[in-house]
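# Chain and residue survey
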Amino acid sequence: MNQRTIVVHRDVQADQKADAAAERERLGRRGTLVVNLLSSPGAGKTSLLEATARHFAGRRSMAVLVGDLETDRDARRLAPLVPVAQLTTGGACHLELPLVQRGLKALGDPVVDFLFIENVGNLVCPASHDLAEHLRVVLISTTEGDDKPGKYPKMFRTSQAMVITKLDLLPHVPFSVEAVTADAHLIQPQLKVLTNCALNGSGIASWCEFLEQQHQQQLAQYHEPAGNR
Amino acid sequence: MHERSLIQSLLRQVEQIVATEGGGQVAEIRVQVGDLSGVEPLLFQMAFDDMVPAVFSSECQLALEMIPVTAVCSECEHQFEIVDFQFRCPACQTGSVQVIQGDKVKLISVTINSNNSIEGIAS
């Protein structure tokens, strides 16, 4: 009997990451900024998307892929406002790229300014899966603990922005915007922090302005003349 | 519990390697799990034990090694280990640091037993 050890040293997710990079480039080249929204269940991802859709109505086009373990309840909320496809994971705790691609196909692969992926409510597993997003945004609501970032370091480390939601409840809950920001900045010092309330609309304009800036900055790389690349 | 999905990717990679190497029995799969990979080692081992018999022999062992997070400072190029998930350069205090190790699950090596006469690489 022969025993051989083959040395590999390869990222277990290398293939998935390459697929995600290719999809990111394909969508980026045609002017679509892909935004992956992540949070605990109930932080307000769907409400933020409803407010975003109302703000962008008639000015910017968007589509939503919404991930849940079961039901199409979130998709039905968004359907009157924007093209939306529900991705049900059948119990799995996170979305993966093939599911996102299937959702895009179901929508007819639309050319939009923004493609939002509303991930499954979970701060752990979705952090490890690249869904071809250009921008990863983590939401935290004022009804959660302001010490959360330190408990879920990978999620906050891999995000570019943190949106603090349900700001209208701030006077009634023991939540400190300063404390959560400081905790998140230990993990990701470059994290952009935004606050808003989807119900009364405060902060929605600056959230959408941030999205517009990201659209311009992140997609600029695809518009450069070939000689400058 | 996304460990199952990672084990699936791992086993697929190992299958490809075994095919390229001309077959054989997989005796050991050596893996490095970074502290920032989002993987819980116990759940990873449990998922492996549960899923490996469908692909390889249940004798196939998983050798798992945890790897601390290492970063390099973009300003002063100081290389350091991240402690308590605080991503700030201890030398110049900047927050602009790049993780260079410890954020992935990596397949390190595969040990294959075979009956053919190809001379083995020492393990």
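What comes next concerns the included structure. Only a predicted model underlies this, so the values are computations on that prediction, with no experimental measurement involved. (Residues numbered from 1 in each chain as written. Chains lettered and ligands numbered in written order. Predicted model: local features only at pLDDT ≥ 70, side-chain atom pairs only at ≥ 80, totals over all residues.)

Peptide bonds are, in most cases, trans, and in most cases residues other than glycine have a negative phi. All names here are of chain B. Despite not being glycine, Asp84 has its phi angle at roughly 55°, a positive value. Residue position: Asp84 is located in the loop between β4 (79–81) and β5 (97–101). Positive phi outside glycine occurs at Gln93, with the angle close to 70°. Tracing the backbone shows Gln93 in the loop between β4 and β5. (Helix = DSSP H or I, 4+ residues; strand = E, 2+ residues; numbered from the N terminus.)

Let us look at the sheet that holds strand β2 (residues 33–38) of chain A. Residue and element names in this part refer to chain A. The strand order across the open sheet formed by seven strands is β4-β3-β5-β2-β6-β7-β8, and the pairing between neighbours is parallel. Edge positions in the sheet fall to β4 (84–88) and β8 (192–195), since each has one partner strand and no second. For this sheet, the mean angle separating the axes of adjacent strands, direction not counted, is 20°. Here strand β3 (residues 62–68) runs beside β4; their pairing, made up of five bridges, is parallel. Paired with Gly67 across the strands is Leu87, a residue of β4. Taken strand by strand, helix α2 (residues 45–56) contacts β2, β3, β5 (114–118), β6 (135–141) and β7 (161–165), and its axis lies near 165° from that of β5. (Pairing = 2+ DSSP bridges. Axes fitted to C-alpha atoms, helices over the stretch in contact; angles between N-to-C directions. Contact = placed C-beta atoms within 7 Å.)

The next point concerns the nonpolar core. Core analysis: the largest hydrophobic core is formed by 62 residues, its most contacted members being Val35, Val64, Phe116 and Ile117 of chain A. The residues touching Phe116 of chain A, leaving out its near neighbours within four places in the chain, are Val35, Leu37, Leu49, Met62 and Val64 of chain A. One finds Val12 of chain A together with Ile7, Leu10 and Phe44 of chain B within the second-largest nonpolar core, a separate group that totals 20 residues. (Core = buried A, V, L, I, M, F, W, Y, C linked by C-beta atoms within 7 Å. Buried ≥ 20, exposed ≤ 12 C-beta atoms within 10 Å, placed from the backbone.)

The next point concerns the sheet that holds strand β3 (residues 70–73) of chain B. Within a sheet, neighbouring strands are paired by backbone hydrogen bonds and run either parallel or antiparallel to one another. All names here are of chain B. In spatial order, the strands read β4-β3-β5; together these three strands make up an open sheet with antiparallel pairing. The outermost strands of the open sheet, each flanked by one partner alone, are β4 and β5. Within the sheet, the average angular offset between the axes of one strand and its neighbour, ignoring direction, is 35°. Alignment of β3 against β4, held across three bridges, turns out to be antiparallel. Pairing of Thr70 across the sheet is with Glu81, part of β4.

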